[in-house]
Every structure is written in structure tokens, then in C-alpha cells.
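Residue strings, one per chain:
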Amino acid sequence: ISTVVKMSHVVKKRKLDKTRQDRLYFDSYSDVTIHEEMIADQVRTNTYRTAILRNTESIRGKVVLDVGAGTGVLSVFCAQAGAKKVYAVEACSIAEQAVRIVRQNNLQDRIEVIRGTVESVDLPEQVEVIVSEWMGYALLHESMLNSVLYARDKWLKPGGLILPSKAELYIAPVSDPVVEDRLHFWYTVKDQYGVDMSCMSDFARSCIMNSDITVNSVSVEDVLSHPARFAELDLYSVTTEELRSVKGQFRCESFGSAAVNALCVYFTVTFNCPDKPHVLVLSTSPFKPETHWKQAVLYMDAPVDVVQDTVVTGEVSMYPSEESARHICIHVDYTIGEQKRQSKTFTIPDWSCEAQP
């Protein structure tokens, strides 16, 4: 049974003021659970460790900035790779634990934990390397990419290194069998209990195939085509202005006969390793080992039957929600085969709105 992270509380549409948005975001990182989940994600943590150690030549003797350091694990990896100094910047109270971890590893002379946002702290010097694990669900939900770009523009020396250096977004049509079973369920009630409840199917469809971004693990066998890349972000050049709308077109061809009831969005990030023939890629693809990001599943309003080579085309646009800049909206225009073009906008509901200060 796959874990579903679904924030489907009914919330009042209210624009959160920036300080409150930030407080809610940083508070969510103060508990041990999220850090346990991130460190336990071996794909994530091992890829970062390998990328940092492979970049030893670029890190040894250099000054590093870790943006959103959390427990400080990436800062420790950088120190192990020979960094002369690491500034571990962390806005939430987990910074206190990072200080303890740094001390426990006898690295307090090389790693300085600084409590605060990267936009508000003052570093005593420019840095040669920026490392950050900034990615959120669907890459940009509650991501820290804006902070990484701020740090790049303010603190990174020309020609400096950014790890990771590139992010890419992919989309693919999927068939979620659980949804099919749940929609069919209402047709089985009459045989079981003698009451015809098939009229519930439309209501069920509107509840299940709603506009929420569902964070879920998609099984390989439920992916109906080769994924299509629709956007690429180069961390050396992308601007915060460009992040206000990340979009691109896609074209997929179905592997076989099935009912498409959702689209799945996932991302990869790439680490350059100078002097090494291959780049290192951290992938959240359903075809790769599972990560804590899983995939973002976008349910269509109704399933559409496809056969082999049915073409699915469209355009995806990702942009910050009006209610909270940290929350992502995904708008998809899509055409499946001969069907007419459909449009749908998806959000991760802001469950934190309910919690009044």
C-alpha cells in the first residue's frame, strides 16, 4: 500500500502575510520527523554525499555556503571533502541540533552554524561553493530555490560551484487502479446489498478526481508512456522572475490500452562532477528507487481510454499560489487522442490556514 500525503482539509482562501507564511514553513521543519525522513531517504542523502565527495578538488581548501542546512549533514560532507570553512545557514530551531552534530563530529573549527534566513544573515566573506537541498514536492512546492538564487547573487564568487546545478521537470500519463476501483465500487453495491447506488459514481468522481496535487508513489506498471521533459532550470542563470512561471510543452505516446485518469509530475536534479565522465543525477522518477518526494499526481476530471500510440500532448505551467508564495499551482492544458483540449489547475491545499496564530 503506497503512502499518500494528502492535504485535503477545506481551507478558507486567505492570503497569508509573508511573515506568517515563513513562520509556518520554518515551524514545519522544527520537528524531528521531517529530518528523519530526509536523512533516511538513502537516494537523496547518498547522492548528495557522492556528489560532494566527487567534487573534492573543487571543495578542498574552499569556503562553502550550505543554504537551509537543517541538521547540517551536507555541511559535514563538505568538511569531510576538505572545505576550509562552511557556513551552515538555517532559519528554524533545528539549527540548535546542527550545532550539536557539528560538535559531535569535532568540526566546530570549520563549520559555523548561523541561525537565520539566507536573505537576512551577514557572512564575513564571499564563498566559492553553494550546496543546498532545496527541492520540494513537484520540485517547487515549498522549495527554497529563491533563497539559493539570492545566495548565488549575493555571496557566490564568479566561477563558483553550485550543487546541484540543474533541475528538470517531467510529466507522463498514468492509470491509477485504486481510483478505477473506487469509482467502480458504487456499481457493486446493488449485488452486495440490494440497493442501487450507481448514481453515487458522479459524486465519487468529483471528490476523488479533484484539483488537489496528490503526493503519492506511482507504480511503474501504471505509467502509460515514456515521460516527457517539459522544463529545465539552470541554477547558474535562472532568475527569481523566471520562477514566477515555469512552463513547457509535452508530447507522449501511450504504450498500450488503458484508462488514463491522471498525469504524474516528477523531477531530477543534476550534479556536475568536473574531471568525471558522467554527471550525477538524483531522480524522483517512478522508474527509479523511491524517494521521500514520491511523485505529484494530478487527477483528470474523468478517465479517458487510450490504445497503443495514442498521443497525449499539452502544456504545463507551474507558478506560486496567490495565497502563499511558497505553495505551487500546476496548470495543465492537455489533449488525449481525438478528444477536445482540456484544462485543469491543481494545488496542494494550504492546510496551515486553519491554524490561527
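In the block above lies the structure referred to throughout.
If you're wondering where the values come from, they're calculated on a predicted model, not measured in any experiment.

### So, the overall build of the chain
Piece 1. Helix and strand counts for the chain stand at nine helices and 16 strands.
Piece 2. When each of the 357 residues of the chain is scored for burial, the buried share is 52%.
Piece 3. Restricting the contact set of the chain to residue pairs at least 6 apart, pairs at least 24 apart contribute 76%.

### What about the nonpolar core?
Piece 1. Ranked by size, the top nonpolar core spans 106 residues in total, and within it Leu65, Trp134, Leu139 and Met318 carry the most contacts.
Piece 2. The greatest single-element share of this core, amounting to nine residues, is contributed by strand 11 (residues 258–271).
Piece 3. Mapping this core onto the domain boundaries places at least three of its residues in each of domain 1 (18–133) and domain 2 (168–347).

### What about helix 9 (residues 200–208)?
Piece 1. All of the buried residues in helix 9 are Ser201, Ala204 and Ile208. The buried residues of helix 9 occupy an angular sector of 60° when projected down its axis, which confines them to one face. With respect to the buried face of helix 9, the exposed residues turned more than 90 degrees away are Asp202 and Phe203.
Piece 2. Looking at the buried positions of helix 9, the neighbouring elements they touch are helix 8 (177–193) and strand 13 (295–306).

### Section: the packing of aromatic side chains
Piece 1. Going through the model one piece at a time under the given rule, you end up with four aromatic pairs.
Piece 2. Between Phe267 and Trp293, the aromatic rings sit 5.4 Å apart at their centres with planes inclined by 80°, giving edge-to-face as the arrangement. Taken together, the residues Phe267 in strand 11 and Trp293 in the loop between strand 12 (280–283) and strand 13 connect sequence positions 26 residues apart.
Piece 3. By relative accessible area, Phe267 is classed as buried at 1%.
Piece 4. We classify Trp293 as buried; its relative accessible area is 2%.

### Looking at the sheet that holds strand 16 (residues 342–347)
Piece 1. Reading across the sheet, the four strands line up as 10-14-15-16 and stay open at both edges, with antiparallel pairing between neighbours. Only two strands of the sheet have a single neighbouring strand rather than two, namely strand 10 (246–253) and strand 16. This sheet shows a mean twist of 20° between the axes of neighbouring strands, independent of strand direction.
Piece 2. Bridge analysis of strand 14 (residues 311–320) against strand 15 (residues 328–336) gives nine bridges, and the strand direction is antiparallel. Paired with Tyr319 across the strands is Cys329, a residue of strand 15.

Calculation criteria
- Residues numbered from 1 in each chain as written.
- Predicted model: local features only at pLDDT ≥ 70, side-chain atom pairs only at ≥ 80, totals over all residues.
- Heavy atoms only, no water.
- Helix = DSSP H or I, 4+ residues; strand = E, 2+ residues; numbered from the N terminus.
- Buried < 20%, exposed > 50% of the residue type's maximum accessible area, 1.4 Å probe, protein only.
- Contact = heavy atoms within 4.5 Å.
- Core = buried A, V, L, I, M, F, W, Y, C linked by side-chain atoms within 4.5 Å.
- Domains from an automatic or database assignment.
- Arc of directions from axis to C-beta.
- Phe/Tyr/Trp six-rings, centres within 6.5 Å; stacked < 30°, edge-to-face > 60°.
- Pairing = 2+ DSSP bridges.
- Axes fitted to C-alpha atoms, helices over the stretch in contact; angles between N-to-C directions.

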